[in-house]
Amino acid sequence: MAAALVRPANNRMIAGVCAGLARRFGTSRATMRVLFLLSCLLPGPQFVAYLALWVLLPSEDSARRDAAAW
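Residues numbered from 1 in each chain as written. Predicted model: local features only at pLDDT ≥ 70, side-chain atom pairs only at ≥ 80, totals over all residues. Heavy atoms only, no water.

Going through the model one piece at a time under the given rule, you end up with two aromatic pairs. On the basis of an interplanar angle of 70 degrees and a centroid distance of 6.4 Å, the ring pair of Tyr50 and Trp54 is categorised as edge-to-face. Taken together, the positions of Tyr50 and Trp54, both in helix α3 (residues 46–56) and four residues apart, correspond to about one turn of that helix. Judged by relative accessible area, which is 35%, Trp54 ranks as partly exposed. By the ring-pair criterion, three or more aromatic residues cluster together here, those being Phe36, Tyr50 and Trp54. (Phe/Tyr/Trp six-rings, centres within 6.5 Å; stacked < 30°, edge-to-face > 60°. Helix = DSSP H or I, 4+ residues; strand = E, 2+ residues; numbered from the N terminus. Buried < 20%, exposed > 50% of the residue type's maximum accessible area, 1.4 Å probe, protein only.)

Moving on: the environment of Ala4. Take Ala4: it is sitting in the segment before α1 (17–25). Under the relative-accessibility criterion, Ala4 is labelled exposed at 53%. Expressed as a C-alpha distance, the spacing of Ala4 and Phe25, which sit 21 residues apart in the sequence, is 9.8 Å.

Any two side chains of opposite charge can pair, so long as their charged atoms come close to each other. The final tally for this structure, using the stated rule, is one salt bridge. For Glu60, the salt bridge goes to Arg23, with nearest N and O atoms at 2.8 Å. Taken together, the positions of Glu60 in helix α4 (residues 60–69) and Arg23 in helix α1 put the pair 37 residues apart, joining distant regions of the chain. (Salt bridge = Lys/Arg side-chain N within 4 Å of Asp/Glu carboxyl O.)

As a further point, take the nonpolar core. In this structure, Ala15, Val17, Cys18, Leu21, Ala22, Met32 and Tyr50 together form the largest nonpolar core, which totals seven residues. For this core, the leading source of residues is α1, giving four residues. Once residues lying within four places of it in the same chain are set aside, the contact partners of Ala22 are Thr27, Ser28, Arg29 and Met32. (Core = buried A, V, L, I, M, F, W, Y, C linked by side-chain atoms within 4.5 Å. Contact = heavy atoms within 4.5 Å.)

The following block contains the structure:
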């Protein structure tokens, strides 16, 4: 089973979006960060998508608290 898509509490550089995606898809954090930086060289809404994921993805701490409340 794949890991939940959350922003980790540790190993963050800015918001933890790349670290969360790397954990979810089973790749290294460095690889995911390099892929994101390379994608920013292409035209498209990559930066907007990063900001949206920053806002929409729950942090690991809040996801853990919500799971404990159930």
